[in-house]
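Structural characterization, general
Each chain, written out:
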Amino acid sequence: MQQEAIETHDHAWERLVKAAVHRAIYNAEPRALSPCLANTRTTVLKSILQIVDEKSQKHVWLHGFPGSGKTSILFTIADELRRQGRLAGTFFFSHNSVDTTTCNHIVPTLAYQLALAFPAMKSEIIRTIVDDPALLSDLKARKDQIQSLITKHLWRLPSKPPVAFIIDALDESCSPLEAVRVVRLLAEAIRTHKVLGNKLLDVHIILASRPSLRIDEGVPTQGFRDIQEISLQDDNGETRTDIRHFLAHGLQHVIHSRKISLGDVLEWPSPCQVDSLAAKVGNSFLCASIAMKYISHPKKYPPSRLDAFLTSPGATADAYADLDRMYQDIIRDNSALVRHLIDIINLAQPLSRAQLLQFFPSDQSEGLTLALEEFSSILVVSLEQPKIPIQPYHSSVIEFFADPMRCHTYYIEPAEIHRGLALRCFTILHTLKANLCDLSDHTTMAVEDSQFWHKRDAMLPESIQYACRNWAHHLSHGKVNNIIVSALETFLSIRTLQWIEALCLLGELNDAPTTLRKAHAAVVGWAPNMPHRDFTLINKCLATAEQMIILYFDPISLFPLQVYYIVTALADLSRKPLDSRSDVLVHRCGPGSDSEYRFPVSELQSSLESPGPSQRQHFEVDSGVLGILADCSHWLSNSDLGAFHLAGTPT
């Protein structure tokens, strides 16, 4: 019993760890390179820290235009609070990855950090998850999540200065209004929660967004009752002074780190050049950072790069126009490489250099490598750390290329980009095979093989993992045509079971139903635009695959090769053996008997050449395998799904 309790405890913690979005934590790579330079932004940093030191529930809303330095400021605050043991949790929204744009993971991510920062809370948070496993579900009410995973445990905070939650870039959420709603719920839960002696919690929330997202609107009694607004536009010239200091420091670092030979030049950069550079970038720390990345390119001569940068027009009062002009200047001389850049910034999650070269076709390797070099000033590209994921240096790069009024001739419709990425995913998924890790048979758990991790990493490199996780994302955002429909049909007909096995090996089978539903939603959206195509078969395939995963989740997730044998067993129930040309038709019996699903198992026999010792076509239910293989009669009589019978039918 005690051992079982320990395993339940450990499993709950593992679920919380997985539910947290680690990319959204403030010091996740490569954001760890973005604190404020020493002796800059001193006024705003002091103002925020003074509020956080108060024993109150006063919150902070920091706002500014793109590139004004909001993220660096909050990073610096988070670092200082963490050093003091007062950082409760962070969530930094970002367009750079799909999982850092959704609001579904805010609460689990904050709860995970809370448990790590304050060990006294960890066991209680885990016990709460054990008592209600649905707390980590996307469908759970956010208010209940906040109460159960966060505020009910805050009374365990040691008696010390107040703690703070930090949430950055709410406007980069896929639903900014929903992000604001969740933060309001958190503020309301903190305000109304009482601890011993009816004492209020001393907890602050620090937020950052663009000024267009008004987080202080709405009913004043709900959420924020006391919030301090801090604008980065109202600093009486301090920003320009800080930016000049930042540029001078950066240029001196270039000289010392590169050991540049200046020849007859007595002074580089001259004070006049630094002043001109500061005038060109204006009030934008982002423009200043991009300028320094451009000038310090490791394969270019910095003085020449500085001269070239200074030839373009100076800054204006329009922060968006300044950014656009800078992006135009950087890409103008490399227009042939822009498509590679656009593909990279539209990926659902960032990949490293090596992973990008695996994911995209080999004939694009040269252009892709050149694009990473030429656009390194607007991408995160590290020669010293090649495993660092490559992504936009700032989310405004994504916004720039998504707006035809801003990027002009470089515009490519996002739906076209995603269609190409979806096709690339399907091409990669076509390389999947059955029994990827060469397991001995269908009764073998993957982790029982001492070489499993090595085999898995060899057979499922990051490029394949990316395709397994994100094909439906790109499909749902892509423009439909006959090519993409045919690619989806081929995938469902040949590689569905291998994809399910791959997710089992990655420990991500629980994400499969969501992926299939996302694909189904995309197909439903296609129908009005392609009235001549019949999508019934595709929809039935997706529905059947989802139902099978849900119904047989335990055996498949523990024993990956069971997916092939379960399908074969279900077909065998009808006493109609399968052959290499057969598909499985699943008919719902009783009321609504016209409901019919076709589960494709084309090439199943060739897929089963290696999984187990028995090469017989018919599968015998082995009741001795710890009861893991689900009783096929359950499929026939499940009260929720209705009754089913199956038949092998020639294609």
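On a predicted model such as this, the values are computed, not experimentally measured, just so you know. (Residues numbered from 1 in each chain as written. Predicted model: local features only at pLDDT ≥ 70, side-chain atom pairs only at ≥ 80, totals over all residues. Heavy atoms only, no water.)

Describing the overall build of the protein chain
Threshold: For helices the rule is a DSSP run of H or I covering at least 4 residues; for strands it is a run of E covering at least 2, with both sets numbered from the N terminus onward. Only protein chains enter the accessibility calculation, which uses a 1.4 Å probe; a residue whose area is less than 20% of its type maximum is buried, one above 50% is exposed, and one in between is partly exposed. Should any heavy atoms of two residues lie within 4.5 Å, those residues are considered in contact. Reported accessibility uses the Shrake-Rupley method at a 1.4 Å probe radius. Residues are deemed covered only where the shown protein chains occlude them.
When its secondary structure is counted, the protein chain shows 28 helices and 12 strands. A buried classification covers 53% of the 651 residues belonging to the protein chain. Taking as baseline every contact in the protein chain between residues at least 6 positions apart, the subset at least 24 positions apart corresponds to 78%. If you sum the accessible surface of the protein chain, you get close to 28,800 Å²; carbon and sulfur atoms cover 53% of it.

Brief notes about the sheet that holds strand 6 (residues 203-209)
Heads up, the condition is: One bridge is not enough; two strands pair if DSSP finds at least two bridges between them. Only C-alpha atoms enter the line fits that serve as axes; for helices the fit covers just the stretch in contact. Angles between N-to-C directions range over 0 to 180 degrees.
Pairing is parallel across the open sheet formed by five strands, whose spatial order is 2-3-6-1-7. Taken across any chain shown, the strands that pair with only one partner, and hence form the sheet edges, are strand 2 (87-92) and strand 7 (227-231). Along the sheet, successive strands turn relative to each other by an average axial angle of 15°, direction set aside. Alignment of strand 1 (residues 59-63) against strand 6, held across four bridges, turns out to be parallel. Looking at the pairing, W61 lines up with L207 of strand 6. Against the sheet, helix 7 (residues 176-192) makes contact with strand 1, strand 3 (163-168) and strand 6, and its axis sits at roughly 165° relative to strand 6, the strand it touches most.

Description of the packing of aromatic side chains
When we look at a pair of aromatic rings, we describe it by the centre distance and by the angle of the planes. Filter applied, for reference: Any Phe, Tyr or Trp ring, taking Trp's six-membered ring, that has another such ring centre within 6.5 Å forms a pair; planes under 30 degrees apart are called stacked, those over 60 apart edge-to-face, and the others tilted. Our definition puts a charge over a ring when NZ of Lys or CZ of Arg is within 6 Å of the ring centre and also within 35 degrees of the ring normal.
Overall, the coordinates contain 16 aromatic pairs when judged by the stated rule. Ring geometry for F491 versus W499: centroids 6.1 Å apart, planes at 70°, classification edge-to-face. Across the pair, W499 and F491 agree in class, each one buried. The residue whose ring lies beneath K122 is W13, and the NZ or CZ to ring-centre distance is 4.1 Å. When the ring centre of F309 is taken as reference, the NZ or CZ atom of K280 above it lies at 4.9 Å.

Digging into the nonpolar core
Definition in use: What we call a nonpolar core is a set of buried Ala, Val, Leu, Ile, Met, Phe, Trp, Tyr and Cys residues that are connected through their side-chain atoms within 4.5 Å.
Core analysis: the biggest nonpolar cluster contains 111 residues, and F375, F401, W471, L488, W499 and I500 have the highest contact counts within it. For this core, the leading source of residues is helix 10 (residues 285-295), giving nine residues. Excluding its chain neighbours within four sequence positions, the residues that come into contact with W471 are A422, C425, F426, L429, L488, F491, W499, T515, L516 and A519. Counting residues in each nonpolar core, the second largest holds 75 residues, with W13, A20, I190 and L213 among its members.

With respect to the environment of K70
Convention followed: Side-chain atoms alone can form a polar contact between residues adjacent in sequence; in general such a contact is a pair of N or O atoms within 3.5 Å, and within protein one must be able to donate a hydrogen while the other accepts it.
Looking at the element boundaries, K70 is found in helix 3 (residues 70-83). A residue is classified by how much of its surface remains accessible, and K70, at 10% relative accessible area, is buried. Setting aside anything within four residues of it in sequence, one finds K70 in contact with L62, H63, G64, F65, D168, A208, S209, R210 and L232. Polar contacts involving the side chain of K70 include one to the main-chain carbonyl oxygen of G64, which spans 3.0 Å.

A closer look at the packing of helix 18 (residues 414-429) against helix 20 (residues 462-477)
Quick reminder of the rule: For any helix crossing, the convention is left-handed if the near helix is rotated counterclockwise from the far helix by under a right angle, and right-handed if that rotation is clockwise.
Two numbers describe how helix 18 lies on helix 20: the axes approach to 8 Å, and their chain directions differ by 140°. Here the hand of the crossing between helix 18 and helix 20 comes out left-handed. Contacts between helix 18 and helix 20 involve P414, A415, H418, L421, A422, C425, F426, I428 and L429 from the first element and S463, I464, Y466, A467, C468, N470, W471, H473, H474, L475 and H477 from the second.

Details of the pairing of strand 1
The element strand 1 is extensively covered by neighbouring structure, given that five of its five residues are classed as buried. Where burial is concerned, the two faces of strand 1 agree: the one with H59, W61 and H63 and the one with V60 and L62 are both buried. The sheet contact formed by strand 1 and strand 7 spans five bridges and is parallel. Pairing of H59 across the sheet is with I227, part of strand 7.

Digging into the pattern of salt bridges
Any two side chains of opposite charge can pair, so long as their charged atoms come close to each other. For the record, the criterion: A pairing counts as a salt bridge when a side-chain nitrogen of Lys or Arg comes within 4 Å of a carboxyl oxygen of Asp or Glu.
Within this structure, the stated rule accounts for 23 salt bridges. Its salt-bridge partner being E373, residue K299 comes within 3.3 Å of it at the nearest N-O pair. Here K299 is found in the loop between helix 10 and helix 11 (302-310), whereas its partner E373 is found in helix 15 (residues 365-374), with 74 residues between them in sequence. Accessibility expressed as a relative area gives 58% for K299, which makes it exposed. Overall, E373 belongs to the partly exposed group, its relative accessible area being 22%. Residues joined in a network through salt bridges with shared partners are E124, R127 and R156.

Here we look at the packing of helix 20 against helix 23 (residues 512-526)
Between two packed helices, what matters for the description is the angle formed by their axes and the separation of those axes. In plain terms, the rule: Geometric relationships in this document are graded by angle, where less than 35 degrees denotes roughly parallel, more than 145 denotes roughly antiparallel, 65 to 115 denotes roughly perpendicular, and other angles denote oblique. Side-chain classes follow a simple rule in which Ala, Val, Leu, Ile, Met, Phe, Trp, Tyr, Cys and Pro form the nonpolar group, Asp, Glu, Lys and Arg form the charged group, and the remainder, Gly included, forms the polar group.
Two elements in contact, helix 20 and helix 23, have axes separated by 9 Å at closest approach and are oriented at 20°. Between helix 20 and helix 23, the interaxial angle falls into the category roughly parallel. Regarding helix 20 and helix 23, the two cross each other, and that crossing is left-handed. Only T515, L516, K518, A519, A522 and W526 of helix 23 make contact with helix 20, whose side of the interface consists of R469, W471, A472, H473, L475 and S476. Partitioning the contact of helix 20 with helix 23 into residue classes produces seven nonpolar, three polar and two charged.

A look at the confidence of the model for the protein chain
For the record, the criterion: The predictor reports its confidence for every residue as pLDDT, a score running from 0 up to 100.
Residues with a pLDDT of 70 or more make up 81% of the protein chain, whose mean pLDDT is 82. Counting contacts from residues 573-651, a segment whose pLDDT is below 50, to residues more than four positions away or on other chains yields 172 contacts.

Looking at the side chain of Q349
You can see Q349 is positioned in the loop between helix 13 (338-345) and helix 14 (353-359). A distance of 3.3 Å separates the side chain of Q349 from the side chain of N470, its partner in a polar contact. Here Q349 is in contact with R23, N96, S97, Y466, R469 and N470, once residues within four sequence places are set aside.

A look at helix 3
Note the following rule: One less than the number of residues in a helix, times 1.5 Å, gives the span that helix is expected to have.
Counted at 1.5 Å a residue, the expected span for helix 3 with its 14 residues is 20 Å, and the 20 Å between its end C-alpha atoms agrees. Along helix 3, the positions that sit buried rather than exposed are K70, I73, L74, F75, I77, A78 and L81. Among the structural elements, helix 2 (42-53), strand 1, strand 2, strand 3 and strand 6 are those in contact with the buried residues of helix 3. Residue G85 follows helix 3 closely and has a positive phi angle near 75°.

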